[in-house]
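An overview of the molecular structure
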Amino acid sequence: MPDAHLDPLVHVAQPDHPDLIAEARAEAGRAIRDIGHALVGHHVPVELLGEVTSTLDRLTELLDQGRPARAIRCPPMPSSPNHRPTERRW
């Protein structure tokens, strides 16, 4: 088998290497989904909600330190005329 490699511009599985980035993103997405379900599906003390908020804000700061994958401009939501578009780097 040839040496494994990841194409830095295309994150798709190569015949000689699984797509570790896509797999890690999928697992992170699952964890985000699960925390969303736990948040809306359970009553918890306000202190825990504050801790969750602080933790997620810290994680967002860490992720934002990474190299941007691409810039996406979000359009205003039709139901919220005062919503301002924000640019997120994924």
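Residues numbered from 1 in each chain as written. Predicted model: local features only at pLDDT ≥ 70, side-chain atom pairs only at ≥ 80, totals over all residues. Heavy atoms only, no water.

Some details on the overall build of the chain
Rules: For the purposes of this entry, the term helix denotes a DSSP run of H or I that reaches at least four residues, the term strand denotes a run of E that reaches at least two, and both are numbered from the N terminus. Each residue is placed in one exposure class: buried if its accessible area under a 1.4 Å probe, protein chains only, is under 20% of its type's maximum, exposed if it is over 50%, and partly exposed if it falls in between. Throughout, a residue-residue contact means that at least one pair of heavy atoms, one from each residue, lies within 4.5 Å.
The helix and strand inventory of the chain stands at two helices and two strands. Ordered by position from N to C terminus, the α and β elements of the chain give α-α-β-β. Within the span of the chain, comprising 90 residues, buried residues form 3% of the whole. If you take every contact in the chain between residues at least 6 apart in sequence, the share linking residues at least 24 apart comes to 5%.

Section: the confidence of the model for the chain
Defined as follows: Scored from 0 to 100, pLDDT reflects the predictor's confidence in each residue.
Confidence in the prediction of the chain, expressed as mean pLDDT, is 77, and 57% of residues score 70 or more. Here strand 2 (residues 87–89) is the element of the chain with the lowest mean pLDDT, 54, and helix 2 (residues 46–64) is the one with the highest, 96.

Digging into the pattern of salt bridges
Quick note on the threshold: Any carboxyl oxygen of Asp or Glu that lies within 4 Å of a side-chain nitrogen of Lys or Arg is treated as forming a salt bridge with it.
Throughout the structure, instances matching the rule amount to three salt bridges. Close ionic contact of E27 with R30 constitutes a salt bridge, the shortest N to O distance being 3.2 Å. Taken together, the residues span about one helical turn, with E27 and R30 both in helix 1 (residues 20–41) at a distance of three residues. Through salt bridges with shared partners, a single ionic network connects E27, R30, R33 and D34.

With respect to a nonpolar patch on the surface
Note the following rule: Patch membership is restricted to residues that have no salt bridge and whose relative accessible area is over 30%. Joining uses 9 Å for like charges and 5 Å for the nonpolar side chains Val, Leu, Ile, Met, Phe, Trp and Tyr. Accessible surface is estimated by sampling points in the Shrake-Rupley manner with a 1.4 Å probe; for residues, cover comes only from the protein chains shown.
On the surface, L39, V40, V44, V46, L48 and L49 cluster together into a nonpolar patch covering about 520 Å² of accessible area. Put simply, the parts of the chain that give the nonpolar patch at least two residues each are helix 1 and helix 2. Residue contributions to the nonpolar patch peak at three residues, all from helix 2.

Regarding the environment of R33
Put simply, the rule is: Definition of a polar contact: a pair of N or O atoms within 3.5 Å, with one able to donate and the other able to accept a hydrogen when the atoms are protein atoms, and with sequence-neighbouring residues admitted only if both atoms are side-chain atoms.
Take R33: it is sitting in helix 1. Reaching out from R33, the side chain makes a polar contact with the side chain of D34 at a distance of 3.0 Å.

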